[in-house]
Amino acid sequence: MSASFNDFVRELFAGLGEVQIKRMFGGAGVYVGGLMFALLADDTIYIKTDAALKAALAEEGSGPFVWTPNKGSRAGESVEMSYWRLPEAALDDPELASEWAAKALAAAKSKATAKAKPKKKRNA
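Residues numbered from 1 in each chain as written. Predicted model: local features only at pLDDT ≥ 70, side-chain atom pairs only at ≥ 80, totals over all residues. Heavy atoms only, no water.

**Q** Would you take a moment to explain the sheet that holds strand β2 (residues 27-32) for this structure?
**A** Sheet strands line up and pair through hydrogen bonds in the backbone, either parallel or antiparallel. Strand order in the open sheet formed by 6 strands is β1-β2-β3-β4-β6-β5, with antiparallel pairing between adjacent strands. What marks the edges here is a single partner per strand, and that holds for β1 (19-24) and β5 (64-67). For this sheet, the mean angle separating the axes of adjacent strands, direction not counted, is 40°. Note that strand β4 (residues 44-48) and strand β6 (residues 79-85) share 3 bridges and pair antiparallel. Across the sheet, the residue bridging to I47 is W84, located in β6. Helix α1 (residues 3-12) rests against β1, β2, β3 (35-41) and β4 of the sheet, and its axis sits at about 40° to β4. (Pairing = 2+ DSSP bridges. Helix = DSSP H or I, 4+ residues; strand = E, 2+ residues; numbered from the N terminus. Axes fitted to C-alpha atoms, helices over the stretch in contact; angles between N-to-C directions. Contact = heavy atoms within 4.5 Å.)

Put into structure tokens, the structure is as follows:
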């Protein structure tokens, strides 16, 4: 992943506030306010989704990020992640990109909130 691509991503999503990019595995995570809302892999931007955002991205002709682990119990198995490609039209339009990213950030916040809630114990 090139520094120029990272700069492009920061500029594209500048409407959301301070954008941080952190390397991870073969790509990078894109963060605002400490929440990861996008994934960068092979110079492609994938945004975090929920069910509604997946459907909207599918309508735009987008597709999911698919990871194929090469080690462990899932080695060689394709795993669809909850990140979908940012629509092509948004790559040339920072306002549109920020609109999609705001939805992805909301999905990330919702997921983080759900994880933070303690699970209720069932009575036996």
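So, next bit.
**Q** Would you mind showing me how to read the nonpolar core here?
**A** Across soluble globular proteins, you tend to see nonpolar side chains buried next to one another. With 24 residues, the main nonpolar core has F13, V30, F37, I45, I47 and L86 as its most contacted residues. Only α1, β1, β2, β3, β4, α2 (51-59) and α3 (94-116) provide two or more residues apiece to this core. Broken down by element, the residue count for this core peaks at 5 residues, all from α3. In this structure, L86 is in contact with L12, F13, I45, Y46, I47, S62, L91, A97 and W100, ignoring residues within four places of it in sequence. (Core = buried A, V, L, I, M, F, W, Y, C linked by side-chain atoms within 4.5 Å. Buried < 20%, exposed > 50% of the residue type's maximum accessible area, 1.4 Å probe, protein only.)

**Q** I tried to follow the environment of A55 on my own but got confused; where do I start?
**A** In this structure, A55 sits in helix α2. Taking the C-alpha atoms as reference points, A55 and E95, separated by 40 residues in sequence, lie 21 Å from one another.

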